[in-house]
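Reading the structure
What follows is each chain in one-letter form.
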Amino acid sequence: QQQVRQSPQSLTVWEGETTILNCSYEDSTFDYFPWYRQFPGKSPALLIAISLVSNKKEDGRFTIFFNKREKKLSLHITDSQPGDSATYFCAASASSGSWQLIFGSGTQLTVMP
Amino acid sequence: EAAVTQSPRNKVAVTGGKVTLSCNQTNNHNNMYWYRQDTGHGLRLIHYSYGAGSTEKGDIPDGYKASRPSQENFSLILELATPSQTSVYFCASGEDRGQDTQYFGPGTRLLVL
């Protein structure tokens, strides 16, 4: 049973478009949600993160929108660039309990020039 | 300088053989993690450690052991390797529990024949 779900599994957009990646979770105790980015052949690295106290987190072209009631998050990438082509993982953890990071299965993004 | 290093980077093992994957971090982080990455599953936690001498089971510990002899080193041991353990293994370190950035090593590709 996947506790963190991502959609779509893969996505292709054109350069300059806005990309939207979706994430949902089930466990109500989750209160921290980082997004990791992994370029082909490389290791994952933290891109941006949000906690339960915020509805939105922005960092340059990357914005997380958080709907706590529906337990859904989305990562928006504005003005998408070919260099954004990578796999994006949504993850979640709970400050109480086991605090392990639970990763979704990822969305593979391709940005066409 | 890479703060989290893994060795070997590639490994071919035979079924039933013993495999040891090593991880070293110079971040002086208390927490270290071993994940495996398979297509469609994202990153799954195998074992983790709070500090030297401690090891804890993650989500998929069966068939794996871990050892944390020092702050810097964390090993993953496959006593009797099986083909189902063919995967890419990532080590990571983190300063705090749960809501911290995890820094990943470059990964080890393991093929069990």
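This structure is a prediction, so every number in the text was calculated from the model and none was measured. (Residues numbered from 1 in each chain as written. Chains lettered and ligands numbered in written order. Predicted model: local features only at pLDDT ≥ 70, side-chain atom pairs only at ≥ 80, totals over all residues. Heavy atoms only, no water.)

All right, on to the overall build of chain B then. Tallying secondary structure elements over chain B gives zero helices and 11 strands in all. Along chain B, from the amino end to the carboxyl end, the secondary structure elements read β-β-β-β-β-β-β-β-β-β-β. Its C-alpha atoms give chain B a radius of gyration of 13 Å, within 12% of the compact-globule value 13 Å for 113 residues. Dimensions of chain B, computed from C-alpha atoms along their principal axes, come out at roughly 35 × 30 × 30 Å. Counting the 113 residues in chain B, one finds 50% classified as buried. Summarising the internal contacts of chain B: among those between residues at least 6 apart in sequence, 54% fall at separations of at least 24. When the accessible surface of chain B is totalled, it reaches about 5,300 Å², and 47% of it is carbon and sulfur. Positive and negative side-chain charges in chain B, numbering 10 and 10 respectively, have mean positions lying 9 Å apart. (Helix = DSSP H or I, 4+ residues; strand = E, 2+ residues; numbered from the N terminus. Rg over C-alpha atoms; globule rule 2.2 N^0.38 Å. Buried < 20%, exposed > 50% of the residue type's maximum accessible area, 1.4 Å probe, protein only. Contact = heavy atoms within 4.5 Å. Areas by Shrake-Rupley, 256 points an atom, 1.4 Å probe, with all protein chains shown as cover. Lys, Arg positive; Asp, Glu negative; His and termini not counted. Charge placed at Lys NZ, Arg CZ, Asp CG, Glu CD.)

In this section: the interface of chain A and chain B. Tallying the contact residues gives 19 residues for chain A and 24 residues for chain B. Carbon and sulfur atoms supply 57% of the area that chain A and chain B bury against each other, a total of about 1,700 Å² over both sides. Together, Trp99(A), Gln100(A) and Phe103(A) form the three largest contributors to the area buried by chain A at its contact with chain B, with a combined 37%. Counting across the chain A and chain B interface gives zero salt bridges. At the boundary of chain A and chain B, one finds four residue pairs in polar contact (both at pLDDT 80 or more). Those elements that provide at least two residues to the side of chain A that touches chain B are strand S4 (32-38) and strand S10 (102-103) of chain A. Looking at the side of chain A that touches chain B element by element, the count peaks at three residues for S4(A). (Buried area = accessible area lost by both parts, 1.4 Å probe. Salt bridge = Lys/Arg side-chain N within 4 Å of Asp/Glu carboxyl O. Polar contact = N/O pair within 3.5 Å; in protein donor to acceptor, adjacent residues only side chain to side chain.)

So, about the confidence of the model for chain A. Looking at chain A, pLDDT values average 93 and 96% of them are 70 or higher. For chain A, S10(A) is the element with the lowest average pLDDT, namely 92, and strand S3 (residues 19-25) of chain A is the one with the highest, namely 98. (pLDDT = per-residue confidence, 0-100.)

Scanning the model with the defined rule gives two disulfides over all chains in all. The partner cysteine of Cys23(A) in its disulfide is Cys90(A), sulfur to sulfur 2.0 Å. Disulfide Cys23(A)-Cys90(A): the torsion about the S-S bond is -70°, which places it as left-handed. Residue Cys23(A) is found in strand S3, and its partner Cys90(A) is found in strand S9 (residues 86-92); the two are separated by 67 residues along the sequence. Covalently, Cys23(B) is tied to Cys91(B) through a disulfide, its sulfur atoms 1.9 Å apart. Judged by the torsion about the S-S bond (-75°), the Cys23(B)/Cys91(B) disulfide is left-handed. Of this pair, Cys23(B) sits in strand S3 (residues 19-25) while Cys91(B) sits in strand S9 (residues 87-94), and the two are 68 residues apart along the sequence. The burial state of Cys23(B) is the same as that of Cys91(B); both residues are buried. (Disulfide = S-S within 2.5 Å.)

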